[in-house]
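Spelled out from the first residue to the last, the chains are:
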Amino acid sequence: MTDSQPPSPPSSNPRLQALLGHEFFAPAQWKRRLALWIGAILVALAAIVFAKASDWSFHLFQKMISYGAWIPLIVAPIVFAGLAWVTEGKLRATRGSGIPQVIGTLHIEDEGFRARMLALPIAAGKMVLTLVALGVGASIGREGPTVHVGAGLFYTLGRRFGFTDPKAASRFILAGGAAGIAAAFNTPLAGVVFAIEELAGTFEHRFSGLLLTAVIVGGVVSLGIMGNYAYFGEVEASLPLGHSWLAVLLTGVICGLAGGLFARLILLSRRGPLAQIGRLRSRAPVLFAAGCGLALAVLGLLTHNNIYGTGYEQARAFVQEAAVTPGQGFGIAKLLANVVSYWAGIPGGIFSPALAVGAGIGHNIATFLPNVPAGAVVLLGMSAYLSGVTGAPLTSAVIAMELTDNQEMVIPIMAACLLARAAASLFCPTPVYKDFAERMVQDFERQHAAAQAKTAPPDAAPSQPSAAPDDLEVVEPAPSGKTTAYEEQAASPGDTLPDRS
């Protein structure tokens, strides 16, 4: 009879065993951390390259018009038409700012839909086509596209690391969008606030760590390469209590109304006076884009080439109270340039151009307030107009403060942003990004229900369509493969979108 093997003795250090069994050391947690760190680094590098390439592309345009201000009359319509034609097929998801696509993927957990909106070819195409548009003077920004690229990189990386669960993918998408806006502006706090207020619309402790990790790691990379800088430079502006606060009321109301009007113009709903423009673009998108390019070039001639590009230089001149500024008519002219550029359906964002419009309108308002510091009024105009356009007052306030490294204007900026959001709701009750995203979700659900109805047995009861939100204009069903969200693509549950290229 052989002796049985004695059981292995328990660990001599139970505290060490308990520590190693803690969630912090779990392999799954470290795999997620690794994916986040790599993703944040990639997004920061992509944002830096995109920013440098955008400056280079617009510099080429400025060099081109130095040979003749009439050149955009030929080049802009041709390139705008080409971009509209290219994005009629599989690259349709690259159109517009990209932020509604990100919001849509957070609400639609369909894997095929997310793959079409956030695939790496879409992210690469977004960057390249935006650079092409800036190369012919399009009045667009790179910040929205950077959010789209960041969400796409994080989503792809998360899936490569095995995070295929829809909820986990949503958190990666959200973290990527936050890292994108933070890296684009070098505004870490704005990245977190933007993700909570604009992308997710809520805050949960489960993804708070993801957001902070992505923004911090990306911020460290950007800081190491670009240094610590403010987007518009340090602005020494203040608004003393008293009659100077009239500037808060004026900028909040006027810039808010202008921002809401801009949002209503680019939405191109199927009802109201803009319906004809929307139908015209739906029938002939390429020719319509060429017309938009021609309109932009005409505006450029009338304004001595001031309305092209992101508007960064003009906004900086206003807020820094430079000796030479674009003039009193810049704000309205830039607003019109932003409208025709967005109507064209080409890739490009609205953040930087919106800041430029707000700076121009703020400069106009400052002329009626001679005893108030002009730089302070311009700063209020920038933040208020951005709040009116996006419907995100907290994000707009934080962005304005971080872009100018100004902490003295916290309360006036927040007050102006809140007033602007209220004023903008008269024209556009639903924030523009959410409006586009809601239409996208509705189109997807409608097409998904139609696909299910075709495969259902003949005696099956028809499913009831989901009701549209009260504050969203009900749009008529679009033909198969089309979208009722004019600027942002809606996708069907099929494998690929029809290729119209």
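It should be emphasised that the depicted structure is a prediction, and the values quoted were computed from it without experimental measurement.

Asks: Tell me about the overall build of the protein chain, and name the residues and values.
Replies: From N to C terminus, the protein chain includes 20 helices and zero strands. Taking all 501 residues of the protein chain together, 55% fall into the buried category. Summarising the internal contacts of the protein chain: among those between residues at least 6 apart in sequence, 81% fall at separations of at least 24. Accessible surface, the protein chain: about 21,500 Å² in total, of which carbon and sulfur atoms supply 65%.

Asks: Any details on the packing of aromatic side chains? Residues and values, ideally.
Replies: Scanning the entire structure with this criterion turns up ten aromatic pairs. Where Phe 58 meets Phe 61, the ring centres are 5.8 Å apart and the plane angle is 25 degrees; that geometry is what we call stacked. Of the two residues, Phe 58 and Phe 61 are both situated in helix H2 (residues 27-65); the distance of three residues between them amounts to about one turn of the helix. Each member of the pair, Phe 58 as well as Phe 61, carries the same accessibility label: buried.

Asks: Please provide a residue-by-residue account of the pattern of salt bridges, values included.
Replies: A complete count under the given rule lists six salt bridges for this structure. The salt bridge involving Arg 439 is made with Asp 435; its shortest N-O contact spans 2.9 Å. With a gap of four residues between them, Arg 439 and Asp 435 both fall in helix H20 (residues 432-455), about one helical turn apart. Taking relative accessible area as the criterion, Arg 439 reaches 1% and is therefore assigned buried. Take Asp 435: its relative accessible area is 4%, and that puts it in the buried class. When salt bridges that share partners are traced, they join Glu 88, Arg 92 and Arg 95 into one network.

Asks: I'd like to hear about the environment of Thr 310, residue by residue, with values.
Replies: Among the structural elements, Thr 310 can be located in the loop between helix H13 (285-302) and helix H14 (312-319). Taking the C-alpha atoms as reference points, Thr 310 and Ile 140, 170 residues apart in sequence, are found 5.4 Å from one another. The contacts of Thr 310, once residues within four sequence positions are left out, are Leu 134, Ile 140, Gly 141, Lys 334, Ser 352, Pro 353 and Ala 356. Among the polar contacts listed, one links the side chain of Thr 310 to the backbone nitrogen of Tyr 312, at a separation of 3.3 Å.

Asks: Explain the nonpolar core to me, using residue names and the numbers behind them.
Replies: By size, the foremost hydrophobic cluster in this structure holds 119 residues, and its most contacted members are Phe 80, Leu 199, Phe 351, Tyr 385 and Ile 413. If one sorts the elements of this core by residue count, helix H17 (residues 374-390) sits on top with ten residues. In this structure Phe 80 touches Val 136, Ala 138, Ala 289, Cys 292, Gly 293, Leu 296, Ser 341, Ala 344 and Ile 346, once residues within four positions along its chain are discounted. Among the nonpolar cores identified, the runner-up in size contains 18 residues, and Met 127, Val 149, Phe 172 and Val 217 belong to it.

Asks: Any details on helix H7 (residues 143-160)? Residues and values, ideally.
Replies: For H7, built from 18 residues, the straight-helix expectation of 26 Å at 1.5 Å per residue is met to within 8% by its first-to-last C-alpha distance of 26 Å. Taking burial as the measure, the 18 residues of H7 include 16 buried ones, the bulk of the element. Within two residues after H7, Gly 162 carries a phi angle of roughly 95 degrees, on the positive side.

Asks: Describe the confidence of the model for the protein chain, naming the residues involved and giving the relevant values.
Replies: With 83% of its residues at a pLDDT of at least 70, the protein chain reaches an overall mean of 82. The low-confidence segment residues 461-501 (pLDDT under 50) makes 98 contacts with residues lying over four places distant or belonging to another chain.

Asks: Explain helix H19 (residues 410-424) residue by residue, including any values.
Replies: With 15 residues, H19 should cover 21 Å at 1.5 Å per step; its first-to-last C-alpha distance of 21 Å lies within 8% of that length. When we look at burial in H19, the residues that qualify are Pro 412, Ile 413, Ala 416, Cys 417, Ala 420, Arg 421, Ala 423 and Ala 424. Taken down its axis, H19 places every buried residue within 165 degrees of arc, on the same side. Every exposed residue of H19 that faces more than 90 degrees away from the buried side is listed here: Ile 411 and Leu 418.

Asks: Go over a nonpolar patch on the surface with me, naming the residues and quoting the values.
Replies: Together, Trp 30, Leu 34, Trp 37, Ile 38 and Leu 42 make up a nonpolar patch on the protein surface, roughly 410 Å² of accessible area in all. Tracing the backbone through its elements, the reader meets Leu 42 in helix H2.

Asks: Before we move on, can you summarise a negative patch on the surface with the specific residues and values?
Replies: On the surface, Glu 234, Glu 236, Asp 405 and Glu 408 cluster together into a negatively charged patch. When you line up the elements, Glu 408 lands in the loop between helix H18 (393-404) and H19. Assessed through its relative accessible area of 58%, Glu 408 is described here as exposed.

Asks: Before we move on, could you go through the packing of helix H11 (residues 246-267) against helix H15 (residues 330-343) and cite the residues and values that matter?
Replies: Pairs of packed helices are described in terms of their axes, by the angle between the two and the distance that separates them. In the contact formed by H11 and H15, the axes pass within 10 Å of each other and the chain directions differ by 20 degrees. The orientation of H11 with respect to H15, classified from their angle, is roughly parallel. Along this stretch, H11 crosses H15, giving a crossing that reads as right-handed. When H11 is examined against H15, the residues Ala 258, Phe 262, Leu 265 and Ile 266 are found in contact with a partner set consisting of Leu 335, Asn 338, Val 339, Tyr 342 and Trp 343. Across the contact of H11 with H15, the residue classes tally to eight nonpolar, one polar and no charged.

Asks: Before we move on, can you summarise unusual backbone geometry with the specific residues and values?
Replies: For Asn 305, which is not a glycine, the phi torsion comes out positive at approximately 65 degrees. Its location among the elements puts Asn 305 in the loop between H13 and H14. Residue Asn 305 is classed as partly exposed on the basis of its relative accessible area of 23%. The phi dihedral of Glu 321 is positive, around 55 degrees, even though this residue is not glycine.

Asks: Help me get a handle on the packing of H11 against H20, residues and values and all.
Replies: Look at H11 against H20: their axes get within 10 Å of each other, and the N-to-C directions meet at 25 degrees. For the element pair H11 / H20, the angle class is roughly parallel. Here H11 runs over H20; the crossing is right-handed. In contact with Ala 263, Ile 266 and Leu 267 of H11, H20 contributes Val 432, Asp 435, Phe 436 and Arg 439. Here the residues of the contact of H11 with H20 sort into five nonpolar, no polar and two charged.

Asks: Explain the environment of Phe 163 to me, and be specific about the residues and the numbers.
Replies: In this structure, Phe 163 sits in the loop between H7 and helix H8 (166-185). Along the primary structure Phe 163 and Arg 32 are separated by 131 residues, whereas in three dimensions their C-alpha atoms are 8.1 Å apart. Other than its neighbours up to four places away in sequence, Phe 163 contacts Ala 28, Lys 31, Arg 32, Gly 158, Ala 168, Ala 169 and Phe 172.

What counts as what
Residues numbered from 1 in each chain as written. Predicted model: local features only at pLDDT ≥ 70, side-chain atom pairs only at ≥ 80, totals over all residues. Heavy atoms only, no water. Helix = DSSP H or I, 4+ residues; strand = E, 2+ residues; numbered from the N terminus. Buried < 20%, exposed > 50% of the residue type's maximum accessible area, 1.4 Å probe, protein only. Contact = heavy atoms within 4.5 Å. Areas by Shrake-Rupley, 256 points an atom, 1.4 Å probe, with all protein chains shown as cover. Phe/Tyr/Trp six-rings, centres within 6.5 Å; stacked < 30°, edge-to-face > 60°. Salt bridge = Lys/Arg side-chain N within 4 Å of Asp/Glu carboxyl O. Polar contact = N/O pair within 3.5 Å; in protein donor to acceptor, adjacent residues only side chain to side chain. Core = buried A, V, L, I, M, F, W, Y, C linked by side-chain atoms within 4.5 Å. Expected span 1.5 Å × (residues − 1). pLDDT = per-residue confidence, 0-100. Arc of directions from axis to C-beta. Patch = residues over 30% accessible without salt bridge, like charges linked within 9 Å, V, L, I, M, F, W, Y side chains within 5 Å. Lys, Arg positive; Asp, Glu negative; His and termini not counted. Charge placed at Lys NZ, Arg CZ, Asp CG, Glu CD. Axes fitted to C-alpha atoms, helices over the stretch in contact; angles between N-to-C directions. Parallel < 35°, antiparallel > 145°, perpendicular 65-115°, else oblique. Left-handed = near helix turned anticlockwise from the far one by under 90°. Nonpolar A, V, L, I, M, F, W, Y, C, P; charged D, E, K, R; others polar.

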